[in-house]
Each structure stands twice: as C-alpha cells, then as structure tokens.
Amino acid sequence: MASEDVVGKTSATIANIAEEAKIASVGVKAPSRQTLLGICKSLVAGGVAGGVSRTAVAPLERMKILLQVQNPHAIKYNGTVQGLKYIWRTEGLRGMFKGNGTNCARIVPNSAVKFFSYEEASKGILWLYRQQPGNEDAELTPLLRLGAGACAGIIAMSATYPMDLVRGRLTVQTDKSPSQYRGIAHALTTVLREEGPRALYKGWLPSVIGVIPYVGLNFAVYESLKDHLVKSRPVGLVQDTELSVTTKLTCGAVAGTVGQTVAYPLDVIRRRMQMGGWKNAASIVTGEGKSTLEYTGMIDAFRKTVRHEGFGALYKGLVPNSVKVVPSIAIAFVTYEVVKDVLKVEMRISE
C-alpha cells in the first residue's frame, strides 16, 4: 500500500473512509448481515471515490512510477517537473494519462472492497472488544481503527493485486517499447504464459507489510482528527455536529501524508519487484540495453537498491507522490461522503 496504491501501497492503497465507524460506536450489536441495498450503497460510494481521486492525479501517479523503476544506469528523469515535460514532449496529453484506464479499472473494485470491508471490520472488532469484562460501553479507539483499516486494506489489495502488477507495467511502457501489452487482458495472459501464475503476485509481501502503516494510519488519523474537532468545536470548523467539507478535506490530506511517508520505501520495493522477469521490458526498466537488476525477494531488493543507489533510492518518486497523495485521498474522502448522501436522498425519494 503500500500506497494505493499499496497497495498496492498501494498501496496501494489504498486507501480511505471510516465514516461508518459511527455505527459501531453507538449501540453496537453482534455483526449481522447487511441488506442488499446497504451493501450496494457502500460499494458504489467507495468505487466512485477511488475512480475520481485517481483520475484527478493520473499524471503525477505515472511520474511517480517512472521515477521508482527507472534503471539507475540510464537515468531519464531527474525530477518531477523535468519528467512531466519530457512525457508531454514525447507522448503528448495521452502520455500523461497512460495507465489511468487500467488504474481506474483496478482502483474502483479495490476501493469498493476496502471501504465495505472497513465498515464491517470496525463493527466486528468493536463488538469483540466489548465482550471483554469492563469494556461493555467502550468506543472505537485509534488502535482498533488501525486494526480495522489494515484488515480492509489487505483484503482489498490481495483481491486486485494481479491488476496492479499489469497496471504498473502498462504505465511504464511507451510506443517505443520492444514488446507491447495491448490492455489488461492481454497483459494478464502474457504474464501467465511467459512468467507463470506466481508472477502475478510479485511484490505482494512488501505490499501487505505496507498496508498496515499506510491504510491503517489513514483511517486512524482521519477519524481521530475528526473526533477531536467535533468535540473541541473550533470556531468555523464545525457546522452543528458535522465538519465542513473543507475541514474534512484537510483531515484527509493530513491522514494521507502520514500514511504514505511511513510506507513509501515498501512501495518502491514492491514496484521494482513487479518489473522483475519482464521479457522485452520497457526501456525505462532495461536502461536501453544496460544491465537490469533481478531480485530473489523483498530483502534482496532492499539490499541491492541501497547498495547500488544508496538509501535515497528508497524515496525515489516521493515528491510527485507527496503532491498527488494529498488531493487524491482528500478527494476520495469527500467524494465518498457526497455520494453516500446523494444515495441516501434518492433512497428516501424512492420510498
């Protein structure tokens, strides 16, 4: 997660909404099966939030990945601005959004599963916690939120990881790449045929490890900030008992920055492992015929990266990632809540 993208750090990811924790903090009973309508509402809101946020920052997302995986023997991009100018000059507007379609196809189900899983995990964890003597009236703590967020991130990342791997490869290839993936399906079948089924989960371990600080801290920090503001009620930040949209945006930005900074080295290692074993790889990976590093595992990838490029290599692409993660996660938070409100209104009208 990893960023996102943890998870698929991006995680990606991942991300990250914890709004339904309210349900778990008041009058929680043993977890029960949600109605089909309620499930659809959560999935739609989470899916739309993920798709909108990723599309808004697609050029920065591609720049981040290119900086993470470029061959150290043939540096093409020395910085974010230089890299974006180079992409614009050589590939045009379309190049800025390369891989975005695949990213949206992955992130929509990823976000939907993550948001829904968090809602269920938060209620289940709180119910179990309240079964302990003396905790009958307990509410969700930051630690419990961290656990629920991490569980949700791991489930979502694992469910969509093969799509994240091919998304990374589609993002770095250009029209001059020696071998072209024509889309998600072609990339998946090609990897299966040439590298085997295990290749679809290259980099999975650092992604899982990265989910814990990335997604978990996103949820925990966001909810803790929101609860603090609601209770302290600073002038202008709280409207009645709800935070303003701007305040929610700020809380989401802070949460995203904390999560991505802690987990970023794992995201770099994940992406580099995903490029390993790629036959006729894109020139950004091979370095125009230069030697390409191969990794036997996560520890080997860390060791070789630091040995050949220094500790700073673990933070390659951090600048565009920092610039994009703040608006991306903040937009996801707000979009999720807005879509949920719209769905609630439509549900009432239909009734």
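What you see is a predicted model; the values in this text were computed from it and never measured.

Peer 1: Looking at this structure, how should I read the overall build of the chain?
Peer 2: The helix and strand inventory of the chain stands at 12 helices and 4 strands. Counting every position in the chain, which comprises 351 residues, the buried fraction comes to 54%. About 15,400 Å² of surface is accessible on the chain, with carbon and sulfur atoms providing 64% of the total.

Peer 1: Help me out: how do you make sense of helix H7 (residues 184-195) in this one?
Peer 2: With 12 residues, H7 should cover 16 Å at 1.5 Å per step; its first-to-last C-alpha distance of 16 Å lies within 8% of that length. Inspection of H7 places Ala-187, Thr-190, Val-191 and Glu-195 among the buried residues, and these make up the whole buried set. Down the axis of H7, the smallest arc covering the buried residues is 100°, so these residues share one side. The exposed set on the far side of H7, more than 90 degrees from its buried face, consists of Ala-185 and Arg-193.

Peer 1: Would you mind going over the pattern of salt bridges with me for this structure?
Peer 2: Oppositely charged side chains can form a pair if their charged atoms are brought close together. For the structure on display, the rule yields 18 salt bridges. One salt bridge in this structure joins Arg-271 and Asp-164, with 3.7 Å as the shortest N-O distance. Of this pair, Arg-271 sits in helix H9 (residues 245-275) while Asp-164 sits in helix H6 (residues 142-172), and the two are 107 residues apart along the sequence. When the shortest N-O distance is used, the salt bridge between Arg-303 and Asp-300 registers 2.9 Å.

Peer 1: I would appreciate a short explanation of the packing of aromatic side chains in the present structure.
Peer 2: Note on aromatic pairs: each is described by the distance of the centres and the angle between the planes. Considering all chains together, one arrives at 5 aromatic pairs under this definition. Members of the aromatic cluster, each reached through a chain of ring pairs, are Tyr-264, Phe-311 and Tyr-315.

Peer 1: Help me out: how do you make sense of the packing of H9 against helix H11 (residues 298-309) in this one?
Peer 2: Packed helices, taken two at a time, are described by the angle their axes make and the gap between the axes. Between H9 and H11, the least distance of the axes is 10 Å, while the angle of their chain directions is 100°. One finds that H9 runs roughly perpendicular with respect to H11. On H11, the residues that touch Pro-265, Leu-266, Ile-269, Arg-272 and Met-273 of H9 are Met-298, Ala-301, Phe-302, Thr-305 and Glu-309.

What counts, and at which threshold
Residues numbered from 1 in each chain as written. Predicted model: local features only at pLDDT ≥ 70, side-chain atom pairs only at ≥ 80, totals over all residues. Heavy atoms only, no water. Helix = DSSP H or I, 4+ residues; strand = E, 2+ residues; numbered from the N terminus. Buried < 20%, exposed > 50% of the residue type's maximum accessible area, 1.4 Å probe, protein only. Areas by Shrake-Rupley, 256 points an atom, 1.4 Å probe, with all protein chains shown as cover. Expected span 1.5 Å × (residues − 1). Arc of directions from axis to C-beta. Salt bridge = Lys/Arg side-chain N within 4 Å of Asp/Glu carboxyl O. Phe/Tyr/Trp six-rings, centres within 6.5 Å; stacked < 30°, edge-to-face > 60°. Axes fitted to C-alpha atoms, helices over the stretch in contact; angles between N-to-C directions. Parallel < 35°, antiparallel > 145°, perpendicular 65-115°, else oblique. Contact = heavy atoms within 4.5 Å.

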